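Residue-level listing of the chains:
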Amino acid sequence: MGRITSRSPVTRITLGEHGAAVRRRADTLAVEEPLEIRLAGEPLTVTMRTPGHDIELAAGFLVSEGVISAGGHFRSAIHCGGPGTGAVGITSTENTYNVLDVTLAPGVEPPLTDIARNFYTTSSCGVCGTASIEAIEKISQYDVGADDVVVDAALVAGLPDALRAGQAVFDKTGGLHAAALFDAASGEMLVLREDVGRHNAVDKVVGWAVLEDRLPLRATVLQVSGRASFELVQKAVMAGIPILSAVSAPSSLAVELAEASGLTLAGFVRGPSMNLYARADRVREPSLRP
């Protein structure tokens, strides 16, 4: 699968009652490489990601950071080479596809960065370089609390299985997060993206919407494969997504932000059950009683 996966030799040990079986074989790994995002040639951030859908990743990141809020704000992006690509020994203009230069539409102002803001991100935590909680709270252009969408509980309960069924790279590696966007009325999957970073997978989904000029993402549900962090709630709010569903637990700060923003937050969505942490009124199930 190109640069998305790689092969590595491993020694597999299987313990048993009569000793251990040792087998040497090749294993498929999810690729993790740095991506430097630039704006008009100026470095903005470096993130560790699985290669693929890099333009979507950059566009979604810019939505999350409050730089853009509509498809028309994003003009173009191109991979470029040179120093800073993360490849050892690259000092020329050779294209390693680890640097992406973004051009915004005329009139769209680039973000102001200073020593209080560090955009460096990793695959495990997209905001760990931020100096304070105040620095990452954004004012969304969209009021998700005003979205009058209502979704059937049975539809939400089925989303993790639909997400899992679409994880082609996870099937090969077992090492990727995933995020998918669904129509809240029909349950149709609109887009699915995988990445070593859960925040990158969501950015790629949001970036797809930017390139399709579909923001805000009203009447949709964002399903994620792991836990629901503050950061993922923030990304949903910034893109105008009213419902976020996760197969694992939310953090306390994620619940606080969901309540403050009017976003419906579902966690532990597994099998026939789920926990609703904010705006439970949007999830409809006639058999349920308060």
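This structure is a prediction, so every number in the text was calculated from the model and none was measured. (Residues numbered from 1 in each chain as written. Predicted model: local features only at pLDDT ≥ 70, side-chain atom pairs only at ≥ 80, totals over all residues. Heavy atoms only, no water.)

Some words on the overall build of the chain
The following threshold applies: Every helix listed is a DSSP run of H or I at least four residues long, and every strand listed is a run of E at least two residues long, numbered separately from the N terminus. The classification of residues rests on relative accessible area computed with a 1.4 Å probe and restricted to protein chains. Under 20% of the type maximum is buried, over 50% is exposed, and intermediate values are partly exposed. The contact criterion used is simple: two residues touch if any of their non-hydrogen atoms lie within 4.5 Å.
The helix and strand inventory of the chain stands at seven helices and 14 strands. For the chain, the residues scored as buried account for 49% of the 290 residues in total. Relative to all contacts within the chain whose residues are 6 or more apart in sequence, the contacts with residues 24 or more apart total 55%.

Observations concerning helix 5 (residues 198-211)
Let me state the cut-off plainly: Helix span, as expected, comes to 1.5 Å for every residue beyond the first.
Over its 14 residues, helix 5 runs 20 Å from end to end, which matches the ideal 20 Å to within 8%, given 1.5 Å per residue. Across the 14 residues that make up helix 5, a large majority, 13, are buried. Of the residues flanking the end of helix 5, it is Asp213, one or two places downstream, whose phi is positive at about 55 degrees.

Overview of the side chain of Thr47
Looking at where Thr47 falls in the secondary structure, it is placed in strand 4 (residues 42-49). Thr47 gets classed as buried once you look at its relative accessible area, which sits at 4%.

Describing the pairing of strand 13 (residues 273-278)
Heads up, the condition is: When DSSP locates at least two bridges between a pair of strands, those strands are taken to pair.
Bridge count between strand 12 (residues 264-270) and strand 13: four bridges; the pairing is antiparallel. Looking across to strand 13, one finds that Ala266 is bridged to Leu276. Taking the residues that link successive antiparallel strands as the turn, the strand 12-strand 13 hairpin has two residues, and the phi of Gly271 there is positive, at about 60 degrees.

Overview of unusual backbone geometry
Of the consecutive residues Leu215 and Pro216, the connecting peptide bond is found in the cis state with omega at 0 degrees. The residue Ala40 is not glycine, and still its phi comes out positive at about 50 degrees. Tracing the chain through its elements places Ala40 in the loop between strand 3 (33-39) and strand 4. Classification of Ala40 by relative accessible area gives exposed; the value is 67%. A positive phi angle, close to 50 degrees, is found at Arg279, a residue other than glycine. Locating Arg279 in the fold gives a position in the loop between strand 13 and strand 14 (283-284).

Some remarks on the pattern of salt bridges
This is how it is decided: Here, a salt bridge means any side-chain nitrogen of Lys or Arg that lies within 4 Å of a carboxyl oxygen of Asp or Glu.
Taken as a whole and assessed by the stated rule, the structure comprises nine salt bridges. With a closest N to O distance of 4.0 Å, Glu33 and Arg49 form a salt bridge. Note that Glu33 is positioned in strand 3 and Arg49 in strand 4, a separation of 16 residues in sequence. By relative accessible area, which is 0% here, Arg49 ends up buried. Across the salt bridge formed by Lys204 and Asp195, the nearest N and O atoms sit 2.7 Å from each other.

Considering helix 1 (residues 54-64)
Here helix 1 lies mainly inside the structure; 10 of its 11 residues are buried. By the burial criterion, the buried members of helix 1 are Asp54, Glu56, Leu57, Ala58, Ala59, Gly60, Phe61, Leu62, Val63 and Ser64. Gly66 sits one or two positions beyond helix 1 and adopts a positive phi of about 75 degrees.

Some details on the nonpolar core
Spelled out, the test is: Buried Ala, Val, Leu, Ile, Met, Phe, Trp, Tyr and Cys residues that are joined via side-chain atoms within 4.5 Å together make up what is termed a nonpolar core.
Residues Leu62, Leu222 and Leu265 are the most contacted members of the largest nonpolar core, which totals 52 residues. In this structure, Leu62 is in contact with Leu39, Leu44, Val67, Ile68, Phe74, Val102 and Leu104, ignoring residues within four places of it in sequence. Residues Val149, Leu163, Val221 and Met274 belong to the second largest nonpolar core, which totals 19 residues.

Observations concerning a nonpolar patch on the surface
To keep it simple, the criterion reads: Patch membership needs two things, relative accessible area over 30% and no salt bridge, and members are linked within 9 Å if like-charged or within 5 Å if nonpolar (Val, Leu, Ile, Met, Phe, Trp, Tyr). Here the open area of atoms and residues is found with the Shrake-Rupley method and a 1.4 Å probe, where only the protein chains shown may cover a residue.
A cluster of nonpolar side chains, Ile13, Leu15 and Val22, forms an exposed patch at the surface whose accessible area comes to about 340 Å². Tracing the backbone through its elements, the reader meets Ile13 in strand 1 (residues 5-16). A relative accessible area of 54% places Ile13 in the exposed class.

Description of the sheet that holds strand 11 (residues 243-246)
As a reminder, the rule being used: All axes here are fitted lines through C-alpha atoms, helices being fitted over the stretch that makes contact, and every angle between N-to-C directions spans 0 to 180 degrees.
Read from one edge of the open sheet, six strands run 9-8-10-11-12-13, paired in mixed fashion. Here the strands that pair on one side only, and so sit at the sheet edges, are strand 9 (189-195) and strand 13. Taking the axes of each pair of neighbouring strands and ignoring which way they run, one obtains an average angle of 20 degrees across the sheet. Sheet topology note: the strand 8 (residues 177-183)/strand 10 (residues 220-224) ladder contains five bridges and is antiparallel. Paired with Ala180 across the strands is Gln223, a residue of strand 10. Docked against the sheet, helix 7 (residues 252-261) engages strand 12 and strand 13, running at close to 65 degrees with respect to strand 13.

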